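Below, each chain spelled out in residue letters.
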Amino acid sequence: MPIDPTPRLPVDDQLPGARAVLTVTGEDRPGVTARLFAALSDGDGAPLEVLDVEQVVVHGHLVLGVVVASLRAEGGGPDPAQALATRLRELAARVAADTGMDVLVEPASEPDHGPAAGRPHHVIVLGRPVPPDAVAGAARAIAGIGGNIDAIRRLSDYPVTSFELTVSGAEATELRTALASVAATTGADIAVEQVGLARRSKRLIVLDVDSTLVRGEVIDELAARAGRAADVARITAAAMNGELDFAESLRARVAVLAGLPVEVLDEVREHLVLTPGARTLIRTLQRMGFRCGIVSGGFTQITDPLAETLGLDFAAANTLEVVDGRLTGGLVGEIVDRPGKARALARFAEQYGIPMDQTVAVGDGANDLDMLNAAGLGIAFNAKPFVREQAHTALNQPYLDAVLQVLGFTRDEVLDAVP
């Protein structure tokens, strides 16, 4: 006896009947979908099967597409496709009269069951605003490598406008390469992610601090108070561009702080300015069950109080040595440099039992690259070109909560997460 004795209909590629697509358009109103499907289930003729449905409402305008197939040959002639079309056009006329919508009936081609060239991907186009040439350029680039846009939806209209294109028939690498020039030309951000459960299964995010979570560089603020701002700025720029070893450059910058009173750290911390959208990003992800924390090449005297204020789960940074109430110009403990940041990410993921492919890292400098590449998704945020080219994806918007759209969250989901 079979495990499941329930009779089953033949699969769609074995159906003997014809296929058709009905497209309903017009001003949206209640009951349109119900009326159409009620009509499809009523009347004479061979029973129908619904093979596909897509519906979207764009500023009050409904577009509903339904693909149906006849489960056996239609009567009334030797051409089953023509018989089905005649039947459906009569049905469409009744639905149109009842609802005031336009209902178009067209033949539907047989589905292509051949292997697709690559798994589907999401292409996220973000900007403030998104210029039409960004969408046009992305569409041309996708078509140029043999890809197809299967669906488009809006993710957000504030603080950035973002659209998600579902693309089939193209590989991730060629998609990113083709779309990079579109982003550079139009000024829009374009991110690429593979379709699948992994995208919405992320559970831990790590943020760099200087020029990511907060505006500016803490070391530069401290150096200004020591009268050595220009010297430190040159070293910082070289390190962030990957021209200097971070640990070496960090020690050189910290050395110029020797003699500063420890109270200077409190002054700098009090004047920190969070990047716009930082609180929204953290609050939203926390309410969605994320573990959130910071991993910084900066200093624990700054980052630990910041983590406490924001209610973060973890923090890692360097520690300035203090003797008799003054900075010595040295560091104590393990240096959190480029490999150290990646180790910290792995340590926190292990602590919370979260696989690395379910982690997200966000940063802007060369010392973030190991962390960005070790994470399941590494996002270069307003980063140097050297970093943007090597990260999984890049954001050049001034709003940190645009990360939510890269993760696939809509504006409505963000609002729902607000207590």
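Residues numbered from 1 in each chain as written. Predicted model: local features only at pLDDT ≥ 70, side-chain atom pairs only at ≥ 80, totals over all residues. Heavy atoms only, no water.

Novice: What exactly am I supposed to notice about the sheet that holds strand 14 (residues 377-381) here?
Specialist: Think of a sheet as strands paired side by side through backbone hydrogen bonds, with each pair either parallel or antiparallel. Here we have seven strands laid out as an open sheet, ordered 12-11-10-9-13-14-15, and mixed in their pairing. This sheet does not close on itself; its edge strands, each paired only once, are strand 12 (326-332) and strand 15 (393-395). On average, each strand axis in the sheet is tilted by 25° relative to the strand beside it, whichever way the strands run. The pairing of strand 11 (residues 314-323) with strand 12 spans four bridges and is antiparallel. Following the sheet pairing, Val 322 is matched in strand 12 by Leu 327. Contacting strand 10 (291-299), strand 11 and strand 12, helix 7 (residues 246-255) runs over the sheet at an angle of about 165° to strand 12. (Pairing = 2+ DSSP bridges. Helix = DSSP H or I, 4+ residues; strand = E, 2+ residues; numbered from the N terminus. Axes fitted to C-alpha atoms, helices over the stretch in contact; angles between N-to-C directions. Contact = heavy atoms within 4.5 Å.)

Novice: So what exactly am I meant to see when it comes to empty space enclosed by the protein here?
Specialist: The gaps left among the atoms become clear once a water-sized probe is rolled over them. Tallying each qualifying case throughout the model produces two cavities of 30 Å³ or more. The wall of the largest cavity is formed by 15 residues, among which Asp 210, Glu 217, Phe 246, Gly 297 and Gly 298 lie closest to the centre. Broken down by element, the lining of the largest cavity gets its largest block of residues, four residues, from strand 10. Residues of the lining of the largest cavity, tallied by class, amount to five nonpolar, four polar and six charged. Its boundaries defined by the atoms lining it, the second largest cavity holds a volume of some 40 Å³. Lining the second largest cavity, in full, are Tyr 158, Pro 159, Thr 280, Asp 401, Leu 404, Gln 405, Arg 411 and Val 414. Taken together, the residues that form the lining of the second largest cavity break down as four nonpolar, two polar and two charged. (1 Å grid on protein atoms, 1.4 Å probe; cavity = no way out; pocket = protein on both sides within 12 Å on 5 of 7 lines; lining within 4 Å. Points joined across faces, edges and corners; volume = space filled by probe spheres on them. Nonpolar A, V, L, I, M, F, W, Y, C, P; charged D, E, K, R; others polar.)

Novice: Mind showing me how you'd approach helix 1 (residues 32-41) here?
Specialist: Think of an α-helix as 3.6 residues a turn; residues three or four steps apart then line up on the same face. Within helix 1, burial applies to Val 32, Leu 36, Ala 39 and Leu 40. For helix 1, the buried positions fall inside an angular range of 100° around the axis, keeping them on one side. Summarising the geometry of helix 1, the exposed residues directed more than 90 degrees from the buried face are Ala 34 and Ser 41. Buried residues belonging to helix 1 abut strand 1 (19-27), strand 2 (48-58), strand 3 (61-70) and helix 2 (80-99). (Buried < 20%, exposed > 50% of the residue type's maximum accessible area, 1.4 Å probe, protein only. Arc of directions from axis to C-beta.)

Novice: Any chance you could explain the pairing of strand 3 here in plain terms?
Specialist: On a regular strand, one side chain projects to one face of the sheet and the next to the other, so that they alternate. Burial analysis of strand 3 places eight of its ten residues in the buried class, which makes it a mostly covered element. Relative to strand 3, strand 1 is paired through nine bridges, and the arrangement is antiparallel. Across the sheet, residue Val 21 finds its bridge partner in strand 3, namely Val 67. Pairing of strand 2 with strand 3, which is carried by ten bridges, proceeds in the antiparallel orientation. In the sheet register, Glu 49 faces strand 3, and the bridge partner there is Ala 69. Between strand 2 and strand 3, which pair antiparallel and follow one another directly, the connecting turn spans two residues, one of which, His 59, has a positive phi of 50°.

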